[in-house]
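As a plain string of letters, each chain reads:
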Amino acid sequence: GSLQQAIPPATGTLLAQQPMDASKPEVELSTPWGACVLAGLGLGYAAAAAGAYGRQGSSRMVRAAEGKPAVAAARTPVAYPIFTFRWLAIHALTIPTVFFLGAISSMQFI
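For clarity, every value in this text was computed on a predicted model and none was experimentally measured. (Residues numbered from 1 in each chain as written. Predicted model: local features only at pLDDT ≥ 70, side-chain atom pairs only at ≥ 80, totals over all residues. Heavy atoms only, no water.)

Draft legend 1. Molecular detail of the overall build of the protein. Scanning the protein from N- to C-terminus turns up 2 helices and 0 strands. Classification of the 110 residues of the protein by burial places 0% in the buried group. (Helix = DSSP H or I, 4+ residues; strand = E, 2+ residues; numbered from the N terminus. Buried < 20%, exposed > 50% of the residue type's maximum accessible area, 1.4 Å probe, protein only.)

Draft legend 2. Highlighting the packing of aromatic side chains. The final tally for this structure, using the stated rule, is 2 aromatic pairs. Consider the rings of Phe 83 and Trp 87, whose centres lie 4.7 Å apart with planes at 85 degrees: the pair is edge-to-face. Judged by relative accessible area, Phe 83 falls into the exposed class, the value being 60%. Arranged with centres 5.5 Å apart and planes meeting at 80 degrees, the rings of Phe 99 and Phe 100 form a pair that is edge-to-face. Taking relative accessible area as the criterion, Phe 99 reaches 57% and is therefore assigned exposed. (Phe/Tyr/Trp six-rings, centres within 6.5 Å; stacked < 30°, edge-to-face > 60°.)

Draft legend 3. Examining a nonpolar patch on the surface more closely. A cluster of nonpolar side chains, namely Phe 99, Phe 100, Ile 104, Met 107 and Ile 110, defines an oily patch on the protein surface of about 630 Å² accessible area. Inspection of the secondary structure assignment puts Ile 104 in helix α2 (residues 85-106). (Patch = residues over 30% accessible without salt bridge, like charges linked within 9 Å, V, L, I, M, F, W, Y side chains within 5 Å. Areas by Shrake-Rupley, 256 points an atom, 1.4 Å probe, with all protein chains shown as cover. Salt bridge = Lys/Arg side-chain N within 4 Å of Asp/Glu carboxyl O.)

So this is what it looks like as structure tokens:
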């Protein structure tokens, strides 16, 4: 037996060459959702940074204790930042740890 297969005769037209039809809609490229989320985060951060920069001269928050008047409260409240590097480091370790511990413990019931 021969291993060669019969090749059909050429018909003179190529299947890849088809006329372009103007009525066909163009394929619309979609943006990945991750890019949209990152763009939104960037815009939000830029707006917050611009607002904070604009408030530098006339701060609405107390950043440090003022000088002690004759009669004062026991403690003057100070506005501390919530999201610090320590907060980010702790949550970057804690959240995945709790997730994986939950996943591992749930596998015991499969």
